[in-house]
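Here's the letter readout for the chains.
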Amino acid sequence: KDACGIYVNGDSMEPALEDGGIALLDRSDDAKSNSGDGIYTFRIGDELYIKRLQRQGSRVMVHSDNSVYKPWEISDHDKAQMKILARVIGSFKNL
């Protein structure tokens, strides 16, 4: 696998991904295909996200694990600019 780790910034994906923790990413082509629901790193324009993606037919819904943050749908315009960078396959939490 083509794997790496990145620091998590923010609490929107807690408890799965902790603020200041490290997300372990699979950057392989298979992982980036977004063929199933899961937590992905992706870019839309200049914004980088680590979020749970869920496909609903042609719709793509974005979910945060922290219930304070509401789900949102990626618009057709943003889908055209969206680039999946990796799938999150694990995490390291702060001690």
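Placed above this text is the structure.
Right, let's walk through the structure included here. Fair warning: this is a prediction, and the values are worked out from it, not measured in the lab.

## Thoughts on unusual backbone geometry
Move 1: With an omega of 10°, the peptide bond between Glu14 and Pro15 qualifies as cis.
Move 2: Examined against the element boundaries, Pro15 turns out to sit in the loop between β1 (3-7) and β2 (22-26).

## A word on the packing of aromatic side chains
Move 1: Taken as a whole and assessed by the stated rule, the structure comprises two aromatic pairs.
Move 2: Here Phe42 and Tyr49 contribute two aromatic rings whose centre-to-centre distance is 5.1 Å and whose plane-to-plane angle is 20°, an arrangement assigned as stacked.
Move 3: For Phe42, a relative accessible area of 0% puts it in the buried group.
Move 4: Look at Tyr49 and you get partly exposed, because its relative accessible area is 22%.
Move 5: Relative to Trp72, the ring of Tyr49 lies with its centre 5.6 Å away and its plane at 55°, an arrangement referred to as tilted. Taken together, the residues span a long stretch of sequence, with Tyr49 in strand β4 (residues 47-56) and Trp72 in strand β6 (residues 72-73) at a distance of 23 residues.
Move 6: The exposure class assigned to Trp72 is partly exposed, which follows from its relative accessible area of 28%.
Move 7: Three or more aromatic residues link up through ring pairs in this structure, and these residues are Phe42, Tyr49 and Trp72.

## Some thoughts on the pattern of salt bridges
Move 1: Per the stated rule, a full pass over the model turns up four salt bridges.
Move 2: For Asp65, the salt bridge goes to Arg52, with nearest N and O atoms at 2.9 Å. With Asp65 in the loop between β5 (59-63) and β6 and Arg52 in strand β4, the pair connects residues that are 13 residues apart, well separated along the chain.
Move 3: Residue classification places Arg52 among the partly exposed residues on the basis of a relative accessible area of 30%.
Move 4: For Lys79, the salt bridge identified is with Asp76, shortest N-O distance 3.4 Å. A residue pair is termed a helical-turn pair when its members lie 3 or 4 positions apart in one helix, as Lys79 and Asp76 do in helix α2 (residues 76-81) at three residues.
Move 5: The exposure class assigned to Asp76 is exposed, which follows from its relative accessible area of 63%.

## Here we look at the layout of surface pockets
Move 1: Taken as a whole, the largest pocket encloses approximately 200 Å³ of empty space.
Move 2: Going through the elements one at a time, β1 and β4 are the ones with two or more residues in the lining of the largest pocket.
Move 3: No other element matches β4, which puts five residues into the lining of the largest pocket.
Move 4: Taken together, the residues that form the lining of the largest pocket break down as seven nonpolar, three polar and two charged.

Rules of the game
Every chain's residues receive numbers from 1 upward, in the order its sequence appears when written. With pLDDT at 70 or above as the cut-off, local features in this predicted model cover only qualifying residues; side-chain atom pairs require 80 or more to be listed or tallied, and sums for whole chains, interfaces and linings still use all residues. Excluded from the side-chain calculation are hydrogens and water; included are all heavy atoms of the structure. Numbering of helices and strands runs from the N terminus, with a helix taken as a DSSP run of H or I at least four residues long and a strand as a DSSP run of E at least two residues long. We call Phe, Tyr and Trp rings a pair once their centres come within 6.5 Å, taking the six-membered ring for Trp, and we label the pair stacked below 30 degrees between planes, edge-to-face above 60, and tilted otherwise. The rule is simple: take the accessible area with a 1.4 Å probe, protein chains only, and divide by the maximum for that residue type; under 20% is buried, over 50% is exposed, in between is partly exposed. A carboxyl oxygen of Asp or Glu within 4 Å of a side-chain nitrogen of Lys or Arg is what we treat as a salt bridge. Cavities and pockets are defined on a 1 Å grid built over the protein atoms alone: a cavity is a set of grid points where a 1.4 Å probe fits but cannot escape, while a pocket is an open set with protein on both sides within 12 Å along at least five of seven lines, and lining residues are those with an atom within 4 Å of any such point. Grid points are joined across faces, edges and corners, and a volume is the space filled by probe spheres set on the points. In the scheme used here, Gly and all other residues not listed as nonpolar or charged are polar, with Ala, Val, Leu, Ile, Met, Phe, Trp, Tyr, Cys and Pro taken as nonpolar and Asp, Glu, Lys and Arg as charged.

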